[in-house]
Amino acid sequence: MSNKAILETANAAVTAGDYEAFLSYCTDDTEWTFVGDRRLQGKEAVRQYMAESYIAPPENIVEYLIAEGDMLTAGGKISMQQKDGTMANYEYCDVWTFREGKMDKLKAFVIPA
């Protein structure tokens, strides 16, 4: 499966609310850096982030995917339900590094829309 197909399949799992299926596409020692915000190390940290941040499955619109070797850049818009029930809208650019067919490192640039 190509890196694009892996990310598309993993994102479909998130949209369906199946976060464990999403995590199955990540390396055990995955590292996520939200530039200017936080860094997550390992699947458990990502699992906790998802449990806290994804009150409901986010609405994700991928506008582009650019793949080169073990790197993939995805950009688009994401809307996430907040604790008070309102939606927060963001634009993002994610730069993924893949290792052995799994999503390994993420550098995410996310700004309010």
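Right above here is the structure, for reference.
Residues numbered from 1 in each chain as written. Predicted model: local features only at pLDDT ≥ 70, side-chain atom pairs only at ≥ 80, totals over all residues. Heavy atoms only, no water.

### Topic: the overall build of the chain
Across its full length, the chain carries three helices and six strands. Along the chain, from the amino end to the carboxyl end, the secondary structure elements read α-α-β-β-α-β-β-β-β. Its C-alpha atoms give the chain a radius of gyration of 13 Å, within 12% of the compact-globule value 13 Å for 113 residues. Overall, the chain is about 40 × 30 × 30 Å in size when its C-alpha atoms are taken along their principal axes. Considering the chain as a whole, with its 113 residues, one finds that 36% of them fall into the buried category. Put simply, the chain has 11 plus and 18 minus side-chain charges, and the middle of one group is 3 Å from the middle of the other. (Helix = DSSP H or I, 4+ residues; strand = E, 2+ residues; numbered from the N terminus. Rg over C-alpha atoms; globule rule 2.2 N^0.38 Å. Buried < 20%, exposed > 50% of the residue type's maximum accessible area, 1.4 Å probe, protein only. Lys, Arg positive; Asp, Glu negative; His and termini not counted. Charge placed at Lys NZ, Arg CZ, Asp CG, Glu CD.)

### Focus: the environment of G69
In this structure, G69 sits in the loop between β3 (59-68) and β4 (71-81). Taking the C-alpha atoms as reference points, G69 and G42, 27 residues apart in sequence, are found 23 Å from one another.

### Topic: the layout of surface pockets
Empty space within the largest pocket amounts to approximately 670 Å³. Considering the residues around the largest pocket, the lining is formed by 32 residues, among which F34, Y49, Y54, I78 and M80 are closest to the centre. Listed by contribution, the elements that provide at least two residues to the lining of the largest pocket are α1 (3-15), β1 (26-34), α3 (43-53), β3, β4, β5 (87-99) and β6 (102-112). Here the residues of the lining of the largest pocket are counted per class, giving 21 nonpolar, six polar and five charged. (1 Å grid on protein atoms, 1.4 Å probe; cavity = no way out; pocket = protein on both sides within 12 Å on 5 of 7 lines; lining within 4 Å. Points joined across faces, edges and corners; volume = space filled by probe spheres on them. Nonpolar A, V, L, I, M, F, W, Y, C, P; charged D, E, K, R; others polar.)

### A closer look at the pattern of salt bridges
For the structure on display, the rule yields nine salt bridges. The shortest N-O distance in the salt bridge between E63 and K77 comes to 3.6 Å. Highlighted residues: E63 in strand β3 and K77 in strand β4, separated in sequence by 14 residues. One connected set of salt bridges, linked through shared partners, spans D29, R99, D104 and K105. (Salt bridge = Lys/Arg side-chain N within 4 Å of Asp/Glu carboxyl O.)

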